Amino acid sequence: MRKILRTIWPYLWRYRTGLLLGMGALVVKDIGGAALPFVIGKGVDAITKGFNVRLVLWFAGALVALSAIKGLFQYWMRVIIIGISRDIEYDLRNDLFLHLVSLSSDFYGRMRTGDIMARATNDLNAVRMMLGPGIMYWAETSITFVFVFLVMLWTDWRLTLFALLPAPMVSLAVMYFGRLIHDRFERIQKMFSDVSSRVQENISGVRVIRAYVQEEAELKQFERLNRDYIAQNLKLAWISGLFMPLLQALVGITLLIVLWIGGSRLMEGRITLGQFVMFNTYMGILVWPMIAFGWVVNLMQRGTASLGRISQILEERPSIAAPKNLRRLPSPVRGEIEFRDVTVDYDSGRALDGISLKIPAGATVAIVGHTGSGKSTLVQLIPRLMDPTRGSVLIDGVDLRELDPAELRRHIGFVPQDTFLFSAKLSENVAFGVESASEEEIRRAAELAGLAPDVESFPDGYQTVVGERGITLSGGQKQRTAIARAVVRNPRILILDDALSSVDTLTEDRILSALADVMRGRTTILISHRVSTVRNADRIFVVEKGRIAEEGDHAELLELGGYYADLYQKQLLEEELEAI
Ligand code: ADP
Ligand code: MG
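All values reported here derive from a predicted model rather than from experimental measurement.

Asks: Go over the sheet that holds strand S3 (residues 364-368) with me, naming the residues and quoting the values.
Replies: Spatial ordering of the open sheet is given by S6-S7-S8-S3-S9-S10, a layout of six strands whose pairing is mixed. Single-partner strands in this sheet number two, and they are strand S6 (412-415) and strand S10 (547-552). If you compare each strand with its neighbour and ignore which way they point, the axes differ by 15° on average. Bridge analysis of strand S9 (residues 539-544) against S10 gives five bridges, and the strand direction is antiparallel. Each residue of the ladder has a partner; that of Val-542, found in S10, is Glu-550.

Asks: Explain a nonpolar patch on the surface to me, using residue names and the numbers behind them.
Replies: Residues Val-146, Leu-150, Leu-153, Trp-157 and Leu-161 make up a contiguous nonpolar surface patch of roughly 470 Å² in combined accessible area. For the nonpolar patch, the secondary structure elements donating two or more residues are helix H5 (113-155) and helix H6 (157-164). Of the residues forming the nonpolar patch, the biggest block, three residues, is contributed by H5. Structurally, the position occupied by Trp-157 is in helix H6.

Asks: Talk me through unusual backbone geometry; I want residue IDs and the actual numbers.
Replies: Of note, the amide linkage connecting Ser-331 to Pro-332 takes the cis form, showing an omega dihedral of -5°. Within the fold, Pro-332 resides in the loop between helix H10 (273-315) and strand S1 (337-346). The backbone of Val-213 shows a phi angle near 50°, a positive value even though the residue is not glycine. Looking at the secondary structure, you find Val-213 in the loop between helix H8 (206-211) and helix H9 (215-267). Even without a glycine there, the phi angle at Asp-341 is positive, about 50°.

The rules behind the values
- Residues numbered from 1 in each chain as written.
- Chains lettered and ligands numbered in written order.
- Predicted model: local features only at pLDDT ≥ 70, side-chain atom pairs only at ≥ 80, totals over all residues.
- Heavy atoms only, no water.
- Pairing = 2+ DSSP bridges.
- Helix = DSSP H or I, 4+ residues; strand = E, 2+ residues; numbered from the N terminus.
- Axes fitted to C-alpha atoms, helices over the stretch in contact; angles between N-to-C directions.
- Patch = residues over 30% accessible without salt bridge, like charges linked within 9 Å, V, L, I, M, F, W, Y side chains within 5 Å.
- Areas by Shrake-Rupley, 256 points an atom, 1.4 Å probe, with all protein chains shown as cover.
- Salt bridge = Lys/Arg side-chain N within 4 Å of Asp/Glu carboxyl O.

Read these as layout, nothing more, since geometry by itself doesn't imply function.
Here is the structure:
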């Protein structure tokens, strides 16, 4: 509970003035509301003693004034408090997003995307409901209840106790049914998301379904899902249908008690007619707090549970962050990279095993090796997408852990193995992270990456939207867009992790020679399966099971007659076969 309060306190504190104003309005409104029946009772008594027009007008005027005050302050109360709950929701959502962006990839390895999304939407909503309606109705109902209870007690304590006997039952019923309905509702929402993901999957995978003649099977499965969904909905309708009449019956019993016992006490002359009327009016006022109390308890429970789930994320610290005592890279950055006895362990096992290697500034090196040998892991260490388990990585002699990751990454153009494009314009995808890039620079980057000829055939050129909302790029086009994105940053170090795998060899040749021009004097690291990609590199490393197995230039490695030489022979043969 303390942890939860610590999460939410800064937000409440930020809006303390508004909250105080809202609470003030709430108290005034409650006093006005509680005074109404009192005035009515007094009026009835005064009029029964002797009718007189001035008296009636006076009481009528007082009632109208009180109602106006109550209405006005109720309006302010709602506008202020509900408004603040929206403000806090907004702040919390922003902070959550900012925080999510700052977290390192190991967090995303542990958490499922759907889970994160649920916390950022449903849980955030539950927190808002707690802070807005929850707190507001809680304060409103408790204050009303205390006021009304005291006045009633003071008038006739016996009648008060009888009258309020069923009140806890109303609250409990609301609580119980509220929870039941909420659980059912959540289950239905989850089912609905199952149904819609099923539909989405079927639409995206429609070609596979046709090709494997699975229409019937898919239809059957969908029908089952759809039937379950409807069944759950009917259950919910059944419960909510039961709930309202039950509530009304309970409330009716309360009113009945007041009418009965109050009536007999009126006959006995223990209370006046005015007090009897007042009691009835108060009971009418108390119906809402009785209902609201049960509801508020549920809102609070849901809200605190959700806040707990949100603060779990907010308390995650990025495992990769800027150190306290920053060191800066020498300016200009030369781009010498050194791995010192680097070991990386995943949960699944060891990916890199004591790798030491040095890449001189300005060199073009290549890394080859079987899938799963650790190539991607190795290069991910350079922009510090993760840290080695043991050992260290240095750029220009500075340990990466002493640098600000953001400043380090500004000097690196990194094309990951699986390219990701945003549903945005092509030019925005290329200039991602370099907002200042001019059209000219984007064009040049696209040319270097061999993307320019394709762009000419697109309907809107560089303004074409790609991804889900736009045209679908081929694998090779995606890769070249990603390369352009890396090149437009004008990096000192360029890393291409298998970034030419979907590009034909001719285009690959063109891209490589264009890049060689730009990257002259800068460091380039190429990962590839193709000898044609890497043969011109200054130095080639063969990685095997997380270790460097071979090292040298093209000619030296052929001489060595190991993995690389094998690869070369195989690909040479393939080429010859293709030529036939
Ligand atoms: P390569 O790029 O040479 O194909 P990787 O560096 O991707 O190799 O992977 C090396 C090994 O580490 C593989 O056995 C792979 O299964 C494992 N691995 C890679 N990434 C992760 C990860 N995020 N979590 C757990 N294991 C991983
Ligand atoms: Mg890889």
